[in-house]
Amino acid sequence: MRNILMDISAVNGVIGAFVVSDGGKLLEHVMSPGVSQASPPQAVMEAVAKIVAAAKTNGKSKMGDIDLMYDGGRLILKPLGTEGCLCLVCIAQINVALLNVTANLAARKLEQMIAEMKAAGALLQTQPREQAGTKAAPEPMTKTEMLAVLSRTSTGRSSRKDAQ
Amino acid sequence: MIQELATKLSKIDGVDGVVIAARDGIVLAHELNDASPDKEGAVAVFVGNAASQASESLALGPFDWGTVTIGNEVVLVMEQPDYYVGLLLADRASPAIVASSAREALG
């Protein structure tokens, strides 16, 4: 799973990629080289779980991507079937079409991978990387660290007020 | 007043439907033909709230707009001080262009 996320985070404009289970649990995360490797705050996972739940309750058959545009970046959510969600933190000006070439393929692989993990009961355990015998996830990134990361990686889209 | 705004937004190129919902999920006005105002309003409110929550945690700045794709339908969500606006986009409509036009209409 980590290798797949590393492929995505190598796309120009991607700041970080993480996978959240349908219950709002962080399964894996990767930040782009040169960016703090701290995991996203738990509040983000809860927000992602809410967004996915909201779209599912609309009663329509299939939920597609959720693309959230902010003044300082972009958050793209790709539902992994009913298993969870692939979350991509990007700069605001990212080429989404180019990103989708890599991300859609990755999403299919991740969906299959999570389904297999779920079937094996792995999601009921704690920290998947600890199970694999690798290093545990670092402490969550603080807001100050995130601001520092974004200021280094974003090309700095000016606010609407500034434009006016 | 709100209904006038919904009507105005529905006339934007690329917009097939409009729902305006208060932060508590109550639908204040809509211009929808087939879709359910309550369901579309709920999606707009939930996505808008969660988008703001994610923004605070990731320090991405203020939420500008967002799109949700459900089936063949794309809903553009925009946040206003007292309510959320959900715009059902037509095929091949650009969310960025529609958002720009909607922002002008919203003042």
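Residues numbered from 1 in each chain as written. Chains lettered and ligands numbered in written order. Predicted model: local features only at pLDDT ≥ 70, side-chain atom pairs only at ≥ 80, totals over all residues.

Remarks on the pairing of strand 1 (residues 14–21) of chain A
Successive side chains on a regular strand alternate, one facing one side of the sheet and the next facing the other.
Residue and element names in this part refer to chain A.
Here is step 1 of the chain: For strand 1, the tally of buried residues reaches 7 of 8 residues, placing the bulk of the element in the interior.
Here is step 2 of the chain: In this structure, strand 1 lies alongside strand 5 (residues 84–90), joined through 7 bridges in antiparallel fashion. The residue of strand 5 that forms the bridge with Phe18 is Cys87.
Here is step 3 of the chain: Taken together, the 5 bridges between strand 1 and strand 2 (residues 26–31) define a ladder with antiparallel strand orientation. Considered in strand 2, the bridge of Ala17 is made with Val30.
Here is step 4 of the chain: What sits between the antiparallel neighbours strand 1 and strand 2 is a turn of 4 residues, in which Gly24 has the positive phi angle 90 degrees. (Buried ≥ 20, exposed ≤ 12 C-beta atoms within 10 Å, placed from the backbone. Helix = DSSP H or I, 4+ residues; strand = E, 2+ residues; numbered from the N terminus. Pairing = 2+ DSSP bridges.)

Remarks on the nonpolar core
Here is step 1 of the chain: Counting residues in hydrophobic clusters, the biggest one holds 78 residues, and the most contacted among them are Leu86(A), Cys87(A), Leu88(A), Ala44(B), Leu76(B) and Leu87(B).
Here is step 2 of the chain: Counting residues per element, this core draws most heavily on helix 2 (residues 37–58) of chain B, which supplies 9 residues.
Here is step 3 of the chain: Leu88(A) has contacts with Ile8(A), Val14(A), Ala17(A), Ile76(A) and Ala103(A), leaving out every residue within four places of it along the chain. (Core = buried A, V, L, I, M, F, W, Y, C linked by C-beta atoms within 7 Å. Contact = placed C-beta atoms within 7 Å.)

Some remarks on the confidence of the model for chain A
Here is step 1 of the chain: The pLDDT averaged across chain A works out to 73; a share of 63% of its residues lies at or above 70.
Here is step 2 of the chain: Contacts of residues 152–164 of chain A to residues separated by more than four positions or lying in other chains number 14 contacts, the stretch itself having pLDDT below 50. (pLDDT = per-residue confidence, 0-100.)

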